[in-house]
Amino acid sequence: MFDINNILRENIKNLKPYSSARDEFQGEASVYLDANENAFGSPLEQAYNRYPDPLQMQVKKRLSEIKSIAPQNIFLGNGSDEAIDILFRSFCNPGANNVILVPPTYGMYEVSANINDVQTKKVNLTPDYQLNVAGILAAVDKYTKIIFVCSPNNPTGNAINRKDIETLLTGFNGLVVVDEAYIDFSSEPSFVQELEKYSNLVILQTLSKAWGLAGLRMGMAFAGVDVINVMNKVKPPYNINEASQQLVLQALQNTDQVNAWVQQTLSEREKLVQELKEFAFVQHIYPSDANFILAKTTDAKGIYNYLVQHGIIVRDRSKVELCEGALRITIGTPQENATLVERLKNF
Ligand SMILES: *Cc1c(COP(=O)(O)O)cnc(C)c1O
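Everything quoted here is computed from the prediction, not taken from an experiment.

Reading guide: rules and limits
- Residues numbered from 1 in each chain as written.
- Predicted model: local features only at pLDDT ≥ 70, side-chain atom pairs only at ≥ 80, totals over all residues.
- Heavy atoms only, no water.
- Core = buried A, V, L, I, M, F, W, Y, C linked by side-chain atoms within 4.5 Å.
- Buried < 20%, exposed > 50% of the residue type's maximum accessible area, 1.4 Å probe, protein only.
- Domains from an automatic or database assignment.
- Contact = heavy atoms within 4.5 Å.
- Near = heavy atom within 4 Å.
- Polar contact = N/O pair within 3.5 Å; in protein donor to acceptor, adjacent residues only side chain to side chain.
- Areas by Shrake-Rupley, 256 points an atom, 1.4 Å probe, with all protein chains shown as cover.
- Nonpolar A, V, L, I, M, F, W, Y, C, P; charged D, E, K, R; others polar.
- Buried area = accessible area lost by both parts, 1.4 Å probe.
- Phe/Tyr/Trp six-rings, centres within 6.5 Å; stacked < 30°, edge-to-face > 60°.
- Helix = DSSP H or I, 4+ residues; strand = E, 2+ residues; numbered from the N terminus.
- Pairing = 2+ DSSP bridges.
- Axes fitted to C-alpha atoms, helices over the stretch in contact; angles between N-to-C directions.

(A) Representation of the nonpolar core within the structure. Leu76, Leu131, Ile136, Ile165, Leu168, Leu201 and Phe222 are the most contacted members of the largest nonpolar core, which totals 51 residues. Both domains that furnish three or more residues to this core are identified here as domain 1 (10-251) and domain 2 (256-344). Contact partners of leucine 131, with chain neighbours within four places excluded, come to Val102, Leu125, Thr126, Ile136, Val149, Ile160, Asp164, Ile165 and Leu168. Counting 32 residues, the second largest nonpolar core, distinct from the first, contains Ile12, Ile86, Tyr109 and Ala221.

Below, the structure written as structure tokens:
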């Protein structure tokens with residue numbers, strides 16, 4: 001059985017978290033002289049002279065309605081990248097513990113592991129970009145704290161088989177992190193509904209992709225209360241600034257706009273796949289559950305350089321293991337996609 005106390009770092013277990021002015025007094029008052037802020041205001045139209053809510057309760061309440069998750073099961077980070085880093089710092093002892101990665105996948109897990117001096121054990125995806133479940137479970141040792149799975153996966157675009165993720169959740173006593181950055185584009189359901197069933201499940205989502213807010217930096221982690229409480233204890237007290245909190249709150253009213261963009265992206269994706277298939281230099285387009293496609297080509301570097309010369313930038317993934325010859329192409333506006341296809345006609 002999963003027990004958070006078995007995987008928590010000793011220093012974090014004993015950590016007395018920073019107590020801010022906002023933590024120590026939470027009611028309403030007329031005069032605030034407790035946080036050394038500038039009481040006059042800000043040299044801006046909008047006032048930002050007060051520290052923001054450390055636990056971002058208004059944003060979480062709104063997210064809770066949208067995602068059907070209780071606010072106490074939500075952690076907000078300065079991008080998903082902060083959530084990933086905090087997981088390492090909470091659970092992995094530098095120089096002692098390891099995590100399991102399943103390449104080809106999102107690069108930040110490895111960078112964050114390296115920053116935290118945590119060893120990575122790699123178990124490649126199968127040729128059809130699914131989990132090698134037996135290989136992963138065989139790689140687990142008593143020092144393994146986290147397995148990272150990205151679904152839909154970046155850079156391959158496909159969703160990972162649900163049953164396989166569930167096998168990891170039941171077969172592994174550490175945390176299984178399922179990164180759902182692209183879930184809004186997926187035909188597969190989120191793992192959010194499984195949180196009650198698996199206490200070792202951590203789901204990452206973000207407002208950077210479908211929600212169109214990459215510049216505001218807002219990442220989410222959904223997990224059991226014990227895990228969320230640890231993450232809140234370890235994070236910097238004011239990790240989400242007031243401007244981001246207010247703008248995100250506004251943006252979260254516009255679900256219709258976001259849903260419409262997602263639908264448009266999906267139909268553009270299908271159209272682009274059909275058009276790209278016509279080119280002789282495109283050998284294969286992998287199935288995508290995301291807002292990008294991975295295309296295997298005869299000359300990735302040549303196509304990449306040609307497009308750069310014409311002001312069109314895609315991602316060359318051809319040096320990534322299992323992605324030989326592949327370009328990753330984000331779905332743009334109809335106009336942008338048409339420009340790409342027109343340019344490729346002269347390659
Ligand atoms: C883009 C992306 C993210 C988003 O990271 P943010 O820090 O929230 O912008 C997370 N995971 C994956 C797999 C991604 O591709």
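(B) Up close: the site of the ligand. In the vicinity of the ligand, 13 residues are found, and the nearest of them are Tyr182, Thr206, Ser208, Lys209 and Arg217. Between an oxygen atom of the ligand and a main-chain N or O atom of serine 80, the distance comes to 2.7 Å. Relative to its free-state accessible area of 390 Å², the ligand is covered by the protein chains to the extent of 93%. Class assignment for the residues of the shell around the ligand results in four nonpolar, five polar and four charged.

(C) Region of the structure containing the domain arrangement of the protein. Splitting the protein by domain gives domain 1 (10-251) and domain 2 (256-344). Here domain 1 and domain 2 have C-alpha centroids that lie 29 Å from each other. Residue-level contacts link 22 residues of domain 1 with 19 residues of domain 2. With both sides pooled, the region where domain 1 packs onto domain 2 buries about 1,600 Å², and carbon together with sulfur makes up 62% of that total.

(D) Up close: the packing of aromatic side chains. One pass over the structure, following the stated rule, counts 10 aromatic pairs. Plain terms: the ring middles of phenylalanine 88 and phenylalanine 148 are 5.6 Å apart, the flat faces sit at 20 degrees to each other, and that makes the pair stacked. Of this pair, phenylalanine 88 sits in helix H5 (residues 80-91) while phenylalanine 148 sits in strand E4 (residues 144-150), and the two are 60 residues apart along the sequence. Owing to a relative accessible area of 0%, phenylalanine 88 belongs among the buried residues under this scheme.

(E) Highlighting the environment of aspartate 256. In this structure, aspartate 256 sits in helix H11 (residues 255-277). C-alpha separation for the pair aspartate 256 and methionine 57, spaced 199 residues apart in sequence, amounts to 23 Å.

(F) Here's a closer look at unusual backbone geometry. Backbone torsion omega between proline 103 and proline 104 reads 0 degrees, so that peptide bond is classified as cis. Here proline 104 lies in the loop between strand E2 (98-101) and helix H6 (108-115). Each neighbour pair has its own omega, and for asparagine 154 with proline 155 the value is 15 degrees, a cis peptide bond. On the secondary structure map, proline 155 appears in the loop between E4 and helix H8 (162-171). The phi dihedral of arginine 217 falls on the positive side, at around 60 degrees, and the residue is not glycine. Tracing the sequence through the fold places arginine 217 in the loop between strand E6 (201-206) and strand E7 (219-223). In this structure, leucine 322 is a non-glycine residue whose phi angle is positive, near 75 degrees. Relative to the elements of secondary structure, leucine 322 occurs in the loop between strand E10 (315-316) and strand E11 (326-330).

(G) Fine view of the sheet that holds E4. With mixed pairing, seven strands are arranged side by side in an open sheet as E1-E7-E6-E5-E4-E2-E3. Among the strands making up the open sheet, the edge pair consists of strand E1 (74-77) and strand E3 (119-122). Neighbour to neighbour, the strand axes of the sheet diverge by 25 degrees on average, direction disregarded. Alignment of strand E5 (residues 175-179) against E6, held across four bridges, turns out to be parallel.

(H) Inspection of the sheet that holds strand E9 (residues 292-297) at higher detail. With respect to topology, four strands assemble into an open sheet ordered E8-E9-E11-E10, the strand pairing being antiparallel. Whereas interior strands pair on both sides, the edge strands pair on one side only; in this sheet they are strand E8 (282-285) and E10. Lying over the sheet, H11 contacts E8, E9 and E11, oriented at roughly 10 degrees with respect to E9. Contacts from helix H12 (residues 300-309) reach E9, E10 and E11, with the element oriented near 35 degrees to E11.

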